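# Coordinate inspection notes
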Amino acid sequence: MANMSRAEVFLYRAPDDLEHSDLDDDISIANMTINVAANFPNESTEATVYIDRVCGSGNFKNAFDGFYTNGERSGQRCVLKQFKTGSVYQDDPYKQQLEIDKKAQSIIDAFNAANTPSEWHSDEVNARNTIPIYPVRLIPSTLWTNNETGAVSVIEPYIEGYRKFNSPTGWVAVDDQFGGPIQALSHFSYHISDGKMLLCDLQGGADANGYTLADPAIASDDPQRLYGASDMGPQCINDFFKLHVCEFYCNPQWLKPEAVIGEVPPIQRGLLPPYDT
């Protein structure tokens, strides 16, 4: 840090009037209404971010390394995500992501509640497969403001072993033996929305307590792409199901696009990896 100039270090402060009440709204998906529980990432209100430390890059945003400087996560690493097009000074460009997070949280809550694979398969299948159930968590996006420039960005806790399980283009990490529950989550989102959307671009990490995801996307079946720039539309949904292999975590009764309905592949087994792999 001794060789770093002052211009390369920026202090970000969470807005004083940050309200969380909208996270408790009811969101209706298909015929099910789920109450979105409060899921705040932390009580920190200040962080230092280094603009020369790019720790990742996605389709639309770059991620920069930093750390919290107060609150319960003081001293812990964080990540700032900023649009590749540059800094923005209003929260409008991020509002779509906040809405996606709310809908994603309702889907994840429903998935965790419905995740009972032993009830979906025959006794013969269950006898051959003893696979533990791991819950899925979502870190919601929170908007922070640079207290020097006024630029608005998203800051979230750093996730160890961060990787993509699938993408908004329909790509699926078919060689990731630990991705079964997350691919099932995407499949479940299509089912519970009655085929109207697919929760995708699922990325994050895992530990002994389950999976932690951040910054998801939604692909809609509407050619107008209802969920912003990351909504790749019906083609993403079709491409996902062309590659998706239903495992133990998928209910055989869940909906699929008619074009890909066919013989169900054999169930594949997998174990959750250590958090740092």
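The structure displayed is predicted, hence computed values, not measured ones. (Residues numbered from 1 in each chain as written. Predicted model: local features only at pLDDT ≥ 70, side-chain atom pairs only at ≥ 80, totals over all residues. Heavy atoms only, no water.)

### Describing unusual backbone geometry
Here Asp201, not a glycine, exhibits a phi torsion of approximately 50°, which is positive. With respect to the helices and strands, the residue Asp201 is situated in the loop between strand S11 (197-200) and strand S12 (203-207). Judged by relative accessible area, Asp201 falls into the buried class, the value being 10%. (Helix = DSSP H or I, 4+ residues; strand = E, 2+ residues; numbered from the N terminus. Buried < 20%, exposed > 50% of the residue type's maximum accessible area, 1.4 Å probe, protein only.)

### Topic: the confidence of the model for the chain
When pLDDT is averaged along the chain, the result is 75, and 71% of the positions lie at 70 or above. For the chain, strand S3 (residues 32-35) is the element with the lowest average pLDDT, namely 26, and S11 is the one with the highest, namely 95. This stretch, residues 1-9, has a pLDDT under 50; its non-local contacts, to residues over four places away or in other chains, come to 13 contacts. (pLDDT = per-residue confidence, 0-100. Contact = heavy atoms within 4.5 Å.)

### Examining the sheet that holds strand S7 (residues 136-139)
Pairing within the open sheet is mixed, and its four strands lie in the order S7-S13-S12-S10. Edge positions in the open sheet fall to S7 and strand S10 (163-164), since each of these has one partner strand only. Alignment of S10 against S12, held across two bridges, turns out to be antiparallel. From the neighbouring strand, Arg163 faces S12, where its bridge partner is Gly204. (Pairing = 2+ DSSP bridges.)

### Thoughts on the side chain of Ser141
If you trace the backbone, Ser141 turns up in the loop between S7 and strand S8 (143-146). Judged by its relative accessible area of 9%, Ser141 is buried. Contacts of Ser141, omitting those with residues within four sequence positions, involve Gln97, Leu98, Asp101 and Val154.

### Focus on the pattern of salt bridges
Counted according to the given criterion, the structure contains nine salt bridges. Put simply, Asp194 and Lys196 hold a salt bridge, and the shortest N to O gap is 3.8 Å. Assessed through its relative accessible area of 47%, Lys196 is described here as partly exposed. Each of the salt bridges in this network shares a partner with another, and the network as a whole consists of Lys61, Lys81, Glu156 and Asp215. (Salt bridge = Lys/Arg side-chain N within 4 Å of Asp/Glu carboxyl O.)

### Notes on helix H3 (residues 180-192)
For H3, spanning 13 residues, the distance from its first C-alpha to its last is 18 Å, which sits close to the expected 18 Å at 1.5 Å a residue. Among all positions in H3, only Gly180, Pro181, Ile182, Gln183, Ala184, Leu185, Ser186, His187, Phe188, Ser189, Tyr190 and Ile192 are buried. Directly beyond the C-terminal end of H3, a positive phi value near 60° is found at Asp194. (Expected span 1.5 Å × (residues − 1).)

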